[in-house]
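Below, each chain spelled out in residue letters.
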Amino acid sequence: MVQHEHELDLRLFRVWRKAHQVLFTNIQKDIERYDIGFENFQILELLYSKGSQPVQRISDILFIPSGSITYYVNKLEKQELVKRHCAPTDKRVFHVCLTEKGRQIFDVIFPKHTDVISQNLSFIDKEEKEQLIELLKKIGLGAKQLQEKRKQHDTQL
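Here the structure is a predicted model, which means the values were calculated and not measured. (Residues numbered from 1 in each chain as written. Predicted model: local features only at pLDDT ≥ 70, side-chain atom pairs only at ≥ 80, totals over all residues. Heavy atoms only, no water.)

Q: What should I look at first to understand the overall build of the chain in this one?
A: Along the chain, the regular secondary structure elements total six helices and three strands. Counting helices and strands in the order they occur from the N terminus, the chain gives α-α-β-α-α-β-β-α-α. Computed over the C-alpha atoms, the radius of gyration of the chain is 19 Å, more than 25% above the 15 Å expected from 2.2 N^0.38 for a compact globule of 157 residues. The C-alpha extent of the chain, read off along each of the three principal axes, is 60 × 45 × 25 Å. Per-residue burial over the chain gives 23% buried out of 157 residues. A sequence separation of at least 24 residues applies to 49% of the contacts in the chain between residues at least 6 apart. Surface exposure of the chain reaches about 11,900 Å², of which carbon and sulfur atoms provide 57%. A distance of 4 Å separates the average location of the 25 positive side-chain charges in the chain from that of its 22 negative side-chain charges. (Helix = DSSP H or I, 4+ residues; strand = E, 2+ residues; numbered from the N terminus. Rg over C-alpha atoms; globule rule 2.2 N^0.38 Å. Buried < 20%, exposed > 50% of the residue type's maximum accessible area, 1.4 Å probe, protein only. Contact = heavy atoms within 4.5 Å. Areas by Shrake-Rupley, 256 points an atom, 1.4 Å probe, with all protein chains shown as cover. Lys, Arg positive; Asp, Glu negative; His and termini not counted. Charge placed at Lys NZ, Arg CZ, Asp CG, Glu CD.)

Q: Quick question: what am I supposed to make of the side chain of His-113 here?
A: As for its placement among the helices and strands, His-113 is situated in helix 5 (residues 100-120). For His-113, a relative accessible area of 4% gives the class buried. Non-local contacts of His-113, meaning those with residues more than four positions away in its chain, are made with Ile-27, Asp-30, Ile-31, Tyr-34 and Phe-41.

Have a look at this one:
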């Protein structure tokens, strides 16, 4: 029984990894069409979708190391696509937001990009998408708990 479950887990992982690779490649090729760069695109998309964000939060959400996030924000600022401003409650915290130029560019790009994403996910229906979201959340949260347990265990050694 355990052997069969391990085999099923391995098969699921392989299928998931392959699907992720193909989907990610398709989305990355779409992003390359806009000549913005993957990390820059991610930052712009986050700001476009969620509004002004603290620099550290952008780094955390997008898994861009804190040393690199400054580089990308500086680059986008030089292109006049984003601007930084101090948080009203804490002058040590900088928020980043889209400029009018950045918003205008993303007003054109974003609908095209979401069309590409939707095309790549069009092979499953709405209910399957909702189910997959819940399952992936469950796996992600469970894996995060395992990660935290391992960290606790490692610090106890």
